[in-house]
Number of protein chains: 4
Amino acid sequence: MATIGIGVIGGGYMGKAHSAAFAAVGTVFETTLKPRLAAICGASEASGARYAQAYGFDRAGANWQDVVEDPKVGAVVIASPQDTHLEIAQAAFTLGKPVMCEKPMGLDVAEAEAMCAAADAAGVPHMVAYNYIRTPAAQFVRKLLADGALGQITSFRVEHTEDFFADATVSSWRAHGAANGCLGDLAPHPINAALALMGPVAEVNAVIETVHPTRGGESVTNDDQVTMMMRFDSGVLGHLFASRVATGRKMGYVYEIFGTRGAVRFDQEDQNSVHLYLAEGPEAQRGFTRVLTGPEHPDYLPFCQGPGHGTGYQDQIIIEAKDFLTAIDTGQPVWPTFHDGLAVHRVMAAARASDASRGWQAV
Amino acid sequence: MATIGIGVIGGGYMGKAHSAAFAAVGTVFETTLKPRLAAICGASEASGARYAQAYGFDRAGANWQDVVEDPKVGAVVIASPQDTHLEIAQAAFTLGKPVMCEKPMGLDVAEAEAMCAAADAAGVPHMVAYNYIRTPAAQFVRKLLADGALGQITSFRVEHTEDFFADATVSSWRAHGAANGCLGDLAPHPINAALALMGPVAEVNAVIETVHPTRGGESVTNDDQVTMMMRFDSGVLGHLFASRVATGRKMGYVYEIFGTRGAVRFDQEDQNSVHLYLAEGPEAQRGFTRVLTGPEHPDYLPFCQGPGHGTGYQDQIIIEAKDFLTAIDTGQPVWPTFHDGLAVHRVMAAARASDASRGWQAV
Amino acid sequence: MATIGIGVIGGGYMGKAHSAAFAAVGTVFETTLKPRLAAICGASEASGARYAQAYGFDRAGANWQDVVEDPKVGAVVIASPQDTHLEIAQAAFTLGKPVMCEKPMGLDVAEAEAMCAAADAAGVPHMVAYNYIRTPAAQFVRKLLADGALGQITSFRVEHTEDFFADATVSSWRAHGAANGCLGDLAPHPINAALALMGPVAEVNAVIETVHPTRGGESVTNDDQVTMMMRFDSGVLGHLFASRVATGRKMGYVYEIFGTRGAVRFDQEDQNSVHLYLAEGPEAQRGFTRVLTGPEHPDYLPFCQGPGHGTGYQDQIIIEAKDFLTAIDTGQPVWPTFHDGLAVHRVMAAARASDASRGWQAV
Amino acid sequence: MATIGIGVIGGGYMGKAHSAAFAAVGTVFETTLKPRLAAICGASEASGARYAQAYGFDRAGANWQDVVEDPKVGAVVIASPQDTHLEIAQAAFTLGKPVMCEKPMGLDVAEAEAMCAAADAAGVPHMVAYNYIRTPAAQFVRKLLADGALGQITSFRVEHTEDFFADATVSSWRAHGAANGCLGDLAPHPINAALALMGPVAEVNAVIETVHPTRGGESVTNDDQVTMMMRFDSGVLGHLFASRVATGRKMGYVYEIFGTRGAVRFDQEDQNSVHLYLAEGPEAQRGFTRVLTGPEHPDYLPFCQGPGHGTGYQDQIIIEAKDFLTAIDTGQPVWPTFHDGLAVHRVMAAARASDASRGWQAV
Ligand SMILES: NC(=O)C1=CN([C@@H]2O[C@H](COP(=O)(O)OP(=O)(O)OC[C@H]3O[C@@H](n4cnc5c(N)ncnc54)[C@H](O)[C@@H]3O)[C@@H](O)[C@H]2O)C=CC1
Ligand SMILES: NC(=O)C1=CN([C@@H]2O[C@H](COP(=O)(O)OP(=O)(O)OC[C@H]3O[C@@H](n4cnc5c(N)ncnc54)[C@H](O)[C@@H]3O)[C@@H](O)[C@H]2O)C=CC1
Ligand SMILES: NC(=O)C1=CN([C@@H]2O[C@H](COP(=O)(O)OP(=O)(O)OC[C@H]3O[C@@H](n4cnc5c(N)ncnc54)[C@H](O)[C@@H]3O)[C@@H](O)[C@H]2O)C=CC1
Ligand SMILES: NC(=O)C1=CN([C@@H]2O[C@H](COP(=O)(O)OP(=O)(O)OC[C@H]3O[C@@H](n4cnc5c(N)ncnc54)[C@H](O)[C@@H]3O)[C@@H](O)[C@H]2O)C=CC1
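What counts, and where the lines are drawn
The residue numbering used here restarts from 1 in each chain and proceeds along that chain's sequence as written. Chain letters start at A and ligand numbers start at 1, both assigned in the order the entries are written. Where totals are concerned, whole chains, interfaces and linings use all residues; where local detail is concerned, this predicted model gives features only for residues with pLDDT of at least 70, and gives and counts side-chain atom pairs only at 80 or more. As a rule here, side-chain values cover all heavy atoms of the structure and leave hydrogens and water aside. Superposition of the copies was done by least squares, using only C-alpha atoms of residues whose pLDDT is at least 70 in both. Throughout, a residue-residue contact means that at least one pair of heavy atoms, one from each residue, lies within 4.5 Å. Strand pairing requires that DSSP identify at least two bridges connecting the strands. Note on conventions: DSSP H or I runs of at least 4 residues are helices, E runs of at least 2 residues are strands, and numbering of each starts at the N terminus. Orientation is described by axes fitted as lines to C-alpha atoms, over the contacting stretch for helices, and by angles from 0 to 180 degrees between their N-to-C directions. When accessible area is computed with a 1.4 Å probe and restricted to protein chains, residues below 20% of their type maximum are described as buried, those above 50% as exposed, and intermediate ones as partly exposed. Note: buried area is the sum, over both parts, of the accessible area (probe 1.4 Å) each one loses when the two are combined. The working definition used for a salt bridge is a side-chain nitrogen of Lys or Arg within 4 Å of a carboxyl oxygen of Asp or Glu. Distance and chemistry together define a polar contact, namely a pair of N or O atoms within 3.5 Å, with one atom able to donate a hydrogen and the other to accept it when in protein, and with adjacent residues in sequence counting only for side-chain atoms on both sides. Under the convention adopted here, Pro, Cys and the residues Ala, Val, Leu, Ile, Met, Phe, Trp and Tyr are nonpolar, Asp, Glu, Lys and Arg are charged, and Gly plus all remaining residues are polar. The span one expects for a helix is its residue count, reduced by one, times 1.5 Å. The bend at a residue is defined as the angle formed between two axes, one fitted to the seven residues ending at that residue and one fitted to the seven starting there. Definition of nearness: a residue and a molecule or strand are near each other if at least one heavy atom of the residue lies within 4 Å of the molecule or strand. Surface accessibility follows the Shrake-Rupley procedure with a 1.4 Å probe radius. Residue values consider only the protein chains on display as shielding. UniProt positions are given in the numbering used here, feature names are shortened, and annotations may be inferred rather than shown by experiment. Geometry of aromatic contacts follows a simple scheme: Phe, Tyr and Trp rings, the Trp one being its six-membered ring, pair when their centres are within 6.5 Å, and the pair is stacked under 30 degrees between planes, edge-to-face over 60, tilted otherwise. In this entry, domain limits derive from an automatic or database-based domain assignment. Throughout this description, any angle smaller than 35 degrees is read as roughly parallel, any larger than 145 degrees as roughly antiparallel, any in the 65 to 115 degree range as roughly perpendicular, and the remainder as oblique. Handedness of a crossing is defined here by the sense of rotation of the near helix relative to the far one, left-handed for an anticlockwise turn of less than a right angle and right-handed for a clockwise turn.

### Some details on the relation of the copies chain C and chain A
Reasoning step 1: For the pair chain C and chain A, the best superposition has an RMSD of 0.0 Å and corresponds to a rotation of 180° with a translation of 0.0 Å parallel to the axis. The relationship between the two copies is best expressed as a two-fold rotation axis. Minimal C-alpha distance to the rotation axis in chain C is attained by Thr289(C), lying at 1.9 Å.
Reasoning step 2: Most of the interface of chain C is mirrored in chain A, where 100% of its interface residues are also at the interface.

Encoded structure:
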């Protein structure tokens, strides 16, 4: 039984999620390579120690360097803020260690390019953690598209709406810095979905706006929502909407795809079903079918033998961990690589340019 | 018991719907002014005769002039194609007869302006038949907005998606003429909804496209879908999508409105419910409430004493007929008047200009 | 254009609904026989006069005899309370006039039997007004069953839940008299549905109960809800639940039918969709399909050419009026006849006997 | 960091699920007592070895005795077939080891009683694995009931419908033995739900039936479905339906609870939402609210900081593992104990007696 030590940088929201995923993945997916929670760190020694104890790691690192350099750490998971991604990834690659990095992978196009260069130079597996596009439901939709089940695609809509910042009296560090705004932080998910489902984007026409210029008296320096028309290389016309002030929406990661022979609707708030319409069979019996995910769909069976029993948020991180382990085990790159993560940044940059120029902008 | 003779021009889809509405409305709404199906006509004498017999009119008119001029006809309903609206309306107004005209009220801005001028000169009631925005559900939503129940509005999305032209092997007269394209024929409904719910539009940024340039070998001369970013006078940012090739969607008249204190979602495919979120009460009990229409909502009770029993398509035309009768009875204008119909045309014109210039266009 | 004068007894909830239906049906269904609102009456002369004026009848009858005997009245609609049904029906049949009677058709089995006898003796059309089973959705489900689309049926569930009496501080005449209780008043609808969908009932095992023995200080003399296991002649096992205290349910007329090859779920609170599962095609694409009613389904097209535009409560009464007119026009009986109405009473009687004996009771 | 070795008996459907749960729970719930996958076994040495390797256990046991007696095993999870539960539990209790046993805990009332006796004698924690009633949604519903949010309960419905045996050409060991029939295997879940939500059952009136007496030529010796009217000690009337031939239903664990002040509907096929109706606020704004589970609900936060991100099947097993660890850590019993599991068996036995006698049967 081969094992690999996992080093996790950061133990907050995602650092914990990745830790739990690596704790479970060996059992769930019966991987040949079994991960071990080797080391974790936080922004301070104290927080690292707390995480190690709480999540059951072998040891706490004093800082990220300590974790990355630990010989027992065979692969690195970066779950710290965007502005730390580049440096940590470079250090890990220098040591020849595979890296899974949280989205959106660095602060901007330049950082993402530098991370790609470092990854390519190292020649080890790398991956960006766009987990929503790995659920059994999302994989099923990607397969439907790959199989041409919907015919020629005619339009696409994607949204990511949450309401954690709907209340304008609430503020936090999230109110500052482009990387923490809606375009920088939330929109990468639907942009990634757009790329994964529809392929490369040719041009965009976006409006980025701050709905609440002040929060609790303080001024806000980043955006609350973005609306964007998109033209894909394939010619398909699409639209994206992302918002952190969409009152009532908790996890409104939604897409609708229309094609000449069928259509798909998905809403992460009901993540275990895909609504599929096929323009076949008697007209009187057509409609959107609510397909519940089950053992027939990708990566579902390891979680449960029964259909309709469902997976949850933590499970999509486990699927991600499995894919990363497989990449390490086989030496094959696994989608989305850093290059795919860079593509997301390019769309974000085009959106900013479009907003500034009030017009279409090539990606 | 006062009665008024109704003259209907056209006996197709909408001509029949209006006939049935005027047959029922006196009983349903117990109007003091009771309508009588006085005269109807079609494109030919034969079709007019057929309609009169089938729908139970007192007589058939040989042509529209015959109906408009009939002294027993006290009010005129125009349910013939767009290119006939102007002339008929002018004739009716000259005789001082109130007019309800089908949407989108003439062929273009110029015609709509001429119709407004004629209406104003006549000083009699006039109305454009945007029936979807009259359902109990829609009226309830308008009331919520008027009452400020959602707080300050932060974003708006509207769509009208159907699939009657999704199959590219199918063609008809609908494949020709701007007025019969998606922007000309379908988009007026969501544009009207946008105006009714959000107020005047300041500028738009639209793409109009023909997905299937040929249908069954023949070339198509109008558009299949339109996507449009909108900025309202109020500052609210919105998006509109209309499509006649949205496979699987039958009556996808949808809107989503987000505000600082609540949100609303509506889909005409479940026309008797409004999904309402209010950011109040314990967090653990919040969510979108599926409010079924009932006697508490505008114009529902006359159809049924029981809540949740529901109204249908024909009923929204009956509500419209009631409002037109009320306008006649009271001499008060009733929304949407021809001026409101003209506003829809102005947005359509701005969309065409925006598409041509690939940029924002003031309305 | 042949016409028939309709006489309506009662102008309350259902009297008005039938009046509106007969006002509209000639136009909607383009019937060859056109109904005319000839006469209506209420419990007093004054109320009859009020109804006649409000609904647009030719005249008010002083009482029901006056309406039934009016030579201009060619067919009688009984929409007065149960305890008046027998006498009125007998009088109409004596004069050879067709009768549509509101459910549940008299007070008990004995009255229903007497009504059947009178109807048979007269040899004219007769019908009981179970309107929920006439919607396009319900007719579509009946057709699926008739076609064997679901295979052999394995289980059946029906419910009718409303909450108009959930609040125990509220009382009315509905709190008194077996005929006005839940079993007497509400349960006939789901029992009729059970018979229509599953065929004759062999035996039942029921509990009938009064949840609130007093209302606002006064004692209640009838029941609030009934639960009933049913064995059909076909061998299928079913269950029925009816309640007038089901908080939150407004029109919970629900059925679920499972068969070896498929299943159907229906809820009147979303009356324009039928959820259909067919055990065919790739397992990964199966699920319940939300079929929206449209022109492909029975009796939909006359209301609207577009699919998914939907019908409402009033429309199901219009369909009923059409079927009654057709019965008159063709001289053919139309389901559900008085004999079908009697079958409902027999199940109700068996339920009461079962509740009294705490055991299975043959119907 | 205290650790405890977990010994798992069986590595099939549930054996694997528990293994994954114990692998993850220490990280997810940050338990002070960290479990270790100490030993696992199957029906043969070979299968035990396979499981140990696949799931990452320290070692494989040759048989269940080997695992139970292993000094490194501090607690035992029984995930082998019903007929093995008693013996294994007794052995574990003799050694003073806490036991979590899969439902329905032995073959019948007698075995369940013997298991309770052994548990009580040992004085160590014991628990039956009714995991569906531990989801954040189910816990939230239990809390609503405990808080009286729905008022006085007036009716209750529960169902558990799946379709794994809908196809009558399919057979397996599940077609034989009362414990593997629908009542024996599936119904324990909804019975447990009934007890958890509504309290003790006073009497039942049940029909148990075999829809397909043969499967692929072979005769079937157990039942396919059960329908049951229930009277709770509280006086509430309820109904239960369980079926393994409910075509289209994958995980139809459903309950509906009506009370004088509110109502709840839940369907495990959309396991992250609870539909809650409260009879308060303006009538025009009432309806069922789809409450998405989130950090405000019990045991959700450890899985994810964001509301609406959702948990899945595997997560409910993790919650169960956490509660078992807590019981061990604190020495406090945790619901549902073996005594609660025995209560389920008593209802099952009463159902069998009722079916045999065709009448009500006290529990
Ligand atoms: N894929 C997804 O669904 C999500 C991704 N993210 C991404 O995950 C990353 C982390 O975000 P969260 O977990 O939400 O933040 P968080 O604030 O919850 O956690 C950040 C962690 O990083 C640690 N940290 C900060 N600076 C550090 C340093 N210099 N060295 C070592 N550790 C350091 C902190 O101690 C903390 O444990 C971000 O890139 C974010 O965009 C966040 C939420 C969801
Ligand atoms: N409000 C709504 O939901 C809808 C509105 N409409 C609008 O209603 C109008 C009519 O459309 P449909 O009823 O769908 O068309 P249709 O083709 O079904 O019927 C058109 C009718 O007009 C008659 N007609 C044509 N030329 C005429 C003339 N010169 N004089 C008298 N009658 C003439 C035809 O004989 C036919 O009866 C259009 O303005 C259309 O945009 C159409 C469908 C839905
Ligand atoms: N099919 C359905 O969905 C429904 C059926 N019903 C049935 O319709 C019938 C009437 O019920 P509702 O309309 O709800 O009652 P309601 O109380 O609203 O109206 C009853 C009407 O009967 C009139 N009436 C009473 N005694 C009369 C008499 N001796 N002669 C003439 N008129 C008399 C009253 O003036 C009143 O207009 C009942 O049989 C009831 O079960 C009621 C509601 C729904
Ligand atoms: N809580 C829940 O949702 C579910 C509970 N169950 C319950 O879990 C238990 C196991 O069922 P499944 O996992 O579905 O069965 P399974 O057939 O998938 O697995 C049974 C396991 O027990 C092992 N086994 C059999 N005899 C054994 C013996 N004498 N000694 C040691 N191991 C032995 C087998 O090798 C196999 O690994 C049953 O009590 C069942 O009712 C099953 C499915 C769902």
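Once you've had a look at it, read on.
### Regarding the relation of the copies chain B and chain C
Reasoning step 1: At an RMSD of 0.0 Å, chain B and chain C line up after a rotation of 180° and a shift of 0.0 Å along the axis.
Reasoning step 2: The fraction of interface residues of chain B whose copies in chain C are also interface residues reaches 100%, indicating that both copies meet through the same surface.

### Things to note about the sheet that holds strand 2 (residues 34-41) of chain A
The strands making up a sheet are joined through hydrogen bonds of the backbone, oriented either antiparallel or parallel.
Residue and element names in this part refer to chain A.
Reasoning step 1: With parallel pairing, the 6 strands of this open sheet are ordered in space as 3-2-1-4-5-6. Strands at the two margins of the open sheet, each flanked by one partner only, are strand 3 (59-60) and strand 6 (126-128).
Reasoning step 2: Two elements, strand 2 and strand 3, share 2 bridges in a ladder whose sense is parallel. Counterpart to Ala39 in the pairing with strand 3 is Arg59.
Reasoning step 3: Along the sheet, helix 2 (residues 45-55) makes contact with strand 2 and strand 3, crossing strand 2 at roughly 150°.

### Observations regarding helix 2 (residues 45-55) of chain C
Reasoning step 1: Of the residues making up helix 2 of chain C, those classed as buried are Ser47(C), Gly48(C), Tyr51(C), Ala52(C), Ala54(C) and Tyr55(C).
Reasoning step 2: Of the surrounding elements, those touching the buried residues of helix 2 of chain C are helix 1 (13-28) and strand 2 (33-41) of chain B together with helix 1 (13-28), strand 2 (34-41) and strand 3 (59-60) of chain C.
Reasoning step 3: Positive backbone phi, approximately 80°, marks Gly56(C), located one or two places after helix 2 of chain C.

### A short note on the interface of chain B and chain C
Reasoning step 1: The partner chain C presents 43 residues to the 43 residues of chain B that form the contact.
Reasoning step 2: Both faces considered, chain B and chain C share a buried interface measuring about 3400 Å² in area, 53% of it formed by carbon and sulfur atoms.
Reasoning step 3: On the chain B side of the contact with chain C, Tyr13(B), Thr27(B) and His309(B) bury the most area, a combined 19% of that side's loss.
Reasoning step 4: Counting every contact that joins chain B to chain C gives 2 salt bridges.
Reasoning step 5: Among the salt bridges present, the one from Lys16(B) reaches Glu30(C), with a minimum N-O distance of 3.2 Å.
Reasoning step 6: Applying the counting criterion to the chain B and chain C interface returns 18 residue pairs in polar contact (both at pLDDT 80 or more).
Reasoning step 7: Listed by contribution, the elements that provide at least two residues to the side of chain B that touches chain C are helix 1, strand 2, helix 2 (45-55), strand 16 (288-292) and helix 9 (313-330) of chain B.
Reasoning step 8: In the side of chain B that touches chain C, the residues fall into 17 nonpolar, 17 polar and 9 charged.

### What about the packing of helix 6 (residues 136-146) of chain D against helix 8 (residues 188-198) of chain D?
Reasoning step 1: Relative orientation of the contacting elements helix 6 of chain D and helix 8 of chain D amounts to 35°, with a least axis distance of 9 Å. Between helix 6 of chain D and helix 8 of chain D, the contacting residues are Val141(D), Arg142(D) and Leu145(D) on the first element and Ala196(D), Leu197(D) and Met198(D) on the second.

### A short note on the pairing of strand 15 (residues 273-278) of chain C
Residue and element names in this part refer to chain C.
Reasoning step 1: When you tally the buried positions in strand 15, you get 5 out of 6 residues, the bulk of the element.
Reasoning step 2: Taking the residues between adjacent antiparallel strands as the criterion, strand 14 (residues 262-267) and strand 15 are bridged by 5 residues.
Reasoning step 3: Across 4 bridges, strand 15 lies against strand 16 (residues 288-292) in antiparallel orientation. Its bridge partner being in strand 16, Val274 is matched across the sheet by Val291.

### A short note on the side chain of Thr31(C)
Residue and element names in this part refer to chain C.
Reasoning step 1: As for its placement among the helices and strands, Thr31 is situated in the loop between helix 1 and strand 2.
Reasoning step 2: Assessed through its relative accessible area of 11%, Thr31 is described here as buried.
Reasoning step 3: In this structure the side chain of Thr31 is engaged in a polar contact, spanning 2.7 Å, whose partner is the backbone oxygen of Leu33.
Reasoning step 4: Beyond its immediate stretch of four places on either side in the chain, Thr31 contacts Val25, Gly26, Lys322 and Leu325.

### Examining the interface of chain C and chain A
Reasoning step 1: Contact with chain C, which involves 16 residues of that partner, is made by 16 residues of chain A.
Reasoning step 2: There are 0 salt bridges connecting chain C and chain A.
Reasoning step 3: For the interface between chain C and chain A, the tally reads 5 residue pairs in polar contact (both at pLDDT 80 or more).
Reasoning step 4: The set of elements that each furnish at least two residues to the side of chain C that touches chain A consists of helix 6 (136-146), strand 15 and strand 16 of chain C.
Reasoning step 5: When residues of the side of chain C that touches chain A are assigned to their parent elements, the largest contribution, 5 residues, is made by strand 16 of chain C.
Reasoning step 6: Grouping the constituent residues of the side of chain C that touches chain A by class yields 8 nonpolar, 4 polar and 4 charged.
Reasoning step 7: Two elements, strand 16 (residues 288-292) of chain A and strand 16 of chain C, share 3 bridges in a ladder whose sense is antiparallel. The residue of strand 16 of chain C that forms the bridge with Arg290(A) is Phe288(C).

### A few points about helix 1 (residues 13-28) of chain A
All names here are of chain A.
Reasoning step 1: With 16 residues, helix 1 extends 22 Å between its outermost C-alpha atoms, agreeing within 8% with the 22 Å of an ideal straight helix rising 1.5 Å per residue.
Reasoning step 2: The largest bend in helix 1 is about 30°, located at Phe22.
Reasoning step 3: Of all 16 residues that make up helix 1, 15 are buried, and the element is covered over most of its length.
Reasoning step 4: In the stretch just after helix 1, Glu30 is the one whose phi turns positive, near 50°.

### Let's talk about the site of ligand 1
All names here are of chain A.
Reasoning step 1: Inspection of the region around ligand 1 gives 26 residues, with Gly11, Tyr13, Met14, Ala43 and Tyr51 positioned closest.
Reasoning step 2: Separating an oxygen atom of ligand 1 from a backbone N or O atom of Met14 is a distance of 2.9 Å.
Reasoning step 3: Residue Ala129 places a main-chain N or O atom 3.4 Å away from a nitrogen atom belonging to ligand 1.
Reasoning step 4: In isolation ligand 1 offers 840 Å² of accessible surface; the protein chains occlude 81% of this area.
Reasoning step 5: Among the elements of the structure, helix 1 and helix 4 (82-94) are those that each provide at least two residues to the shell around ligand 1.
Reasoning step 6: Looking at the shell around ligand 1, its residues break down into 13 nonpolar, 10 polar and 3 charged.

### Examining the UniProt feature "domain: GFO/IDH/MocA-like oxidoreductase" (unreviewed entry) in chain A
Reasoning step 1: Under the UniProt annotation, the feature "domain: GFO/IDH/MocA-like oxidoreductase" (unreviewed entry) is placed at residues 140-264 of chain A.
Reasoning step 2: As annotated, residues 140-264 of chain A has a helix share of 18% and a strand share of 38%, and its two end C-alpha atoms lie 11 Å apart.

### Overview of the packing of aromatic side chains
Two aromatic rings are characterised by how far apart their centres lie and by the angle between their planes.
All names here are of chain C.
Reasoning step 1: In total, this model carries 44 aromatic pairs over all chains according to the counting rule given.
Reasoning step 2: On the basis of an interplanar angle of 50° and a centroid distance of 5.4 Å, the ring pair of Tyr277 and Phe288 is categorised as tilted. With Tyr277 in strand 15 and Phe288 in strand 16, the pair connects residues that are 11 residues apart, well separated along the chain.
Reasoning step 3: Assessed through its relative accessible area of 1%, Tyr277 is described here as buried.
Reasoning step 4: Note on Phe288: relative accessible area 7%, which makes it buried.

### Quick word on the domain arrangement of chain A
Residue and element names in this part refer to chain A.
Reasoning step 1: By domain assignment, chain A separates into domain 1 (3-131) and domain 2 (136-309).
Reasoning step 2: If you average the C-alpha positions of domain 1 and of domain 2, the two centres end up 27 Å apart.
Reasoning step 3: Listed by partner, the interface residues are 7 residues for domain 1 and 9 residues for domain 2.
Reasoning step 4: When domain 1 packs against domain 2, close to 780 Å² is buried across both sides, 65% of that on carbon and sulfur atoms.
Reasoning step 5: Considering only the side of domain 1, the residues that lose the most area to domain 2 are Phe29, Lys103 and Tyr130, jointly responsible for 56% of the buried surface there.
Reasoning step 6: Counting across the domain 1 and domain 2 interface gives 1 salt bridge.
Reasoning step 7: Where domain 1 meets domain 2, there are 1 residue pair in polar contact (both at pLDDT 80 or more).

### Notes on the sheet that holds strand 1 (residues 2-9) of chain B
Residues and elements named next belong to chain B.
Reasoning step 1: If you trace the 6 strands from one edge of the open sheet to the other, you get 3-2-1-4-5-6, paired in parallel fashion. Of all the strands in the sheet, the pair left with one neighbour each is strand 3 (59-60) and strand 6 (126-128).
Reasoning step 2: As paired elements, strand 1 and strand 2 share 8 bridges and run parallel to each other. Each residue of the ladder has a partner; that of Ile6, found in strand 2, is Leu37.
Reasoning step 3: Its contacts with the sheet place helix 10 (residues 338-357) against strand 5 (99-101) and strand 6, and it is angled at close to 35° to strand 6.

### Section: the packing of helix 1 of chain A against helix 1 (residues 13-28) of chain D
Reasoning step 1: Closest axis-to-axis distance for the helix 1 of chain A/helix 1 of chain D pair is 8 Å, and the angle between their directions is 155°. In this view, helix 1 of chain A runs roughly antiparallel relative to helix 1 of chain D, as classed from their interaxial angle. You can see that helix 1 of chain A and helix 1 of chain D cross each other, and the crossing is right-handed. In this structure, helix 1 of chain A uses Lys16(A), Ser19(A), Ala20(A), Ala23(A), Ala24(A), Thr27(A) and Val28(A) to contact helix 1 of chain D, whose residues at the interface are Lys16(D), Ser19(D), Ala20(D), Ala23(D), Ala24(D), Thr27(D) and Val28(D).
Reasoning step 2: The residue inventory of the contact of helix 1 of chain A with helix 1 of chain D, partitioned by class, reads 8 nonpolar, 4 polar and 2 charged.

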